[in-house]
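# Descriptive structure summary
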2 protein chains.
Amino acid sequence: VTSTPPRRRGRPPRGQDEGRPGARERIVEAARKEFAERGYDKASIRGMAKRAGVDPALVHHYLGTKEQVFEIAIESAFAPLAGEPETIMAQGVADVGERLTRFIFGVWENPATREPLLAIVRSAVNNDIAAAVFRKLVVRQVIRKIAVEVGGPDPELRAELAAAQLVGTAMLRYVIKAEPLASADPEVLIRRLAPVVQHHLTGGAPRAS
Amino acid sequence: VTSTPPRRRGRPPRGQDEGRPGARERIVEAARKEFAERGYDKASIRGMAKRAGVDPALVHHYLGTKEQVFEIAIESAFAPLAGEPETIMAQGVADVGERLTRFIFGVWENPATREPLLAIVRSAVNNDIAAAVFRKLVVRQVIRKIAVEVGGPDPELRAELAAAQLVGTAMLRYVIKAEPLASADPEVLIRRLAPVVQHHLTGGAPRAS
């Protein structure tokens, strides 16, 4: 945690911060925290600037409008995972249901990725702009990458129905906290869900669970 | 739309309103609208009272705390559907997946039930008290009624995983609006989802879709 310097007035100190390595990264990190804690509606550019210790104009300068900042913030939150759908699909469609289900549970069971994901879901449920950003990210980064490898008729619809099974499980487990699902062993859930995900993606009958 | 009478001060006019038929119903209806439009966090007893044209104390008198008002409001919104899960289950487990999926789509595709449901989902995602009320309603009114008829091992977990498929589809279709799912023909979706719901509930392999 870095201390916040006194608020500067007037023109943003672009000359000073622009070239400094990490200024943009610091602002992106601050934006992520602001959105995670306050949600899209309540998050403010001013709040992000305060967290990063910069002038609000610098947030706009680096990242653009609030909508653009949101998009950059959530893309950065999931950047470490961006290659995963391709890696999973590259291993072929046999058992893709299990690999994909296991990957998604890994994301949800890890608080470091669950918290920003919950923040995005909360924002998307309450705000149409946040929903549009989330939709674009999910469809481009996950659904299309899966669909292109799955092939066959309606691959995008199939990928979305598989995603729906996993999204709904996450809603009931982590948000609504319905028992016994909320306390179930992740391995039990993976064993039950993998055949359904496989079924949606490849159209084969799931193994009995 | 009834006009709002001038705000009364001091003791609520219980003697006047208490016995009047429909006062409670009018307040429940006002509470439903207040929660639907403002969400749990922003909804206020004062706002409900204003909509119903009564003193705020009367809302507490009839319905209790904000949490209790929320529970009564959402139970009343879905009261017409309360008997459905039992009716569906009473017809036996063969094709229960299709009957249940068709019923859920009927609820979501009808704006009169979709809007209050979206309002509850929004509230539950943002507020732990609203989530607890929603959880209690879903588990008691839907999951347990289905589970008791399904039987076998882990019937409640199976019912929740079936619910998860439908909840996730609703999230992606109506909230996130991911295409092609958002514009897909409900009959196409029912045909694809019914075997999965059937599989979760009864453990049988879904028919190829």
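As a starting point, this report considers the structure included with it. (Residues numbered from 1 in each chain as written. Chains lettered and ligands numbered in written order. Predicted model: local features only at pLDDT ≥ 70, side-chain atom pairs only at ≥ 80, totals over all residues. Heavy atoms only, no water.)

## Here we look at the environment of B:D154
Positionally, B:D154 belongs in the loop between α9 (128-150) and α10 (155-175). B:D154 sits 94 residues away from B:H60 along the chain, and the two C-alpha atoms are 40 Å apart. In terms of polar contacts, B:D154 uses its side chain to reach the side chain of A:R192, at 3.0 Å. (Helix = DSSP H or I, 4+ residues; strand = E, 2+ residues; numbered from the N terminus. Polar contact = N/O pair within 3.5 Å; in protein donor to acceptor, adjacent residues only side chain to side chain.)

## A short note on the packing of aromatic side chains
Counted by the stated rule, this structure contains 8 aromatic pairs over all chains. Seen from their ring centres, A:W108 and A:Y174 are 5.0 Å apart, and the 10° between their planes marks the pair as stacked. Here A:W108, found in helix α7 (residues 96-109), pairs with A:Y174, found in helix α10 (residues 155-175); they are 66 residues apart in sequence, far enough to count as distant. Like A:W108, the residue A:Y174 is buried in the burial classification. Judged by centre distance (5.8 Å) and plane angle (5°), the ring pair of B:F35 and B:Y40 falls under stacked. The buried category is assigned to B:F35, whose relative accessible area is 4%. Cluster of aromatic residues (ring-pair linked, three or more members): A:F35, A:Y40 and A:F70. Residue placement shows A:K66 over the ring face of A:Y40; its charged tip is 4.8 Å from the ring centre. (Phe/Tyr/Trp six-rings, centres within 6.5 Å; stacked < 30°, edge-to-face > 60°. Buried < 20%, exposed > 50% of the residue type's maximum accessible area, 1.4 Å probe, protein only. Lys NZ or Arg CZ within 6 Å of the ring centre and 35° of its normal.)

## Concerning the interface of chain A and chain B
Contacts between the two partners involve 42 residues from chain A and, on the opposite side, 42 residues from chain B. For the pair chain A and chain B, the two sides together bury roughly 3800 Å², of which 66% comes from carbon and sulfur. Counting the surface chain A buries against chain B, the share from its top three residues, A:V125, A:I176 and A:R192, is 17%. Here B:D154 ties to A:R192 by a salt bridge, and the two come within 3.0 Å at their closest N and O atoms. At the junction of chain A and chain B, the tally comes to 13 residue pairs in polar contact (both at pLDDT 80 or more). Contributing elements (two or more residues each) for the side of chain A that touches chain B: α8 (111-126), α9 (128-150), α10 and α11 (186-202) of chain A. In terms of residues, the side of chain A that touches chain B owes the most to one element, α10(A), which gives 14 residues. Looking at the side of chain A that touches chain B, its residues break down into 25 nonpolar, 7 polar and 10 charged. (Contact = heavy atoms within 4.5 Å. Buried area = accessible area lost by both parts, 1.4 Å probe. Salt bridge = Lys/Arg side-chain N within 4 Å of Asp/Glu carboxyl O. Nonpolar A, V, L, I, M, F, W, Y, C, P; charged D, E, K, R; others polar.)

## Remarks on the pattern of salt bridges
Two side chains bearing opposite charge may form a pair once their charged atoms approach each other closely. For the coordinates displayed, the defined rule picks out 22 salt bridges over all chains. A:E37 is paired through a salt bridge with A:R51; the nearest N and O atoms lie 3.1 Å apart. Here the residue A:E37 occupies a position in helix α2 (residues 23-42), and A:R51 occupies one in helix α3 (residues 45-52), the gap between them amounting to 14 residues. Among the residues examined, A:E37 registers a relative accessible area of 59% and is labelled exposed. Across the pair B:E187 and B:R102 runs a salt bridge whose closest N-O atoms are separated by 2.7 Å. With B:E187 in helix α11 (residues 186-202) and B:R102 in helix α7 (residues 96-109), this residue pair connects regions lying 85 residues apart in the sequence. Overall, the relative accessible area of 35% leaves B:R102 in the partly exposed class. Residues participating in the shared-partner salt-bridge network are A:E29, A:R32 and A:K33.

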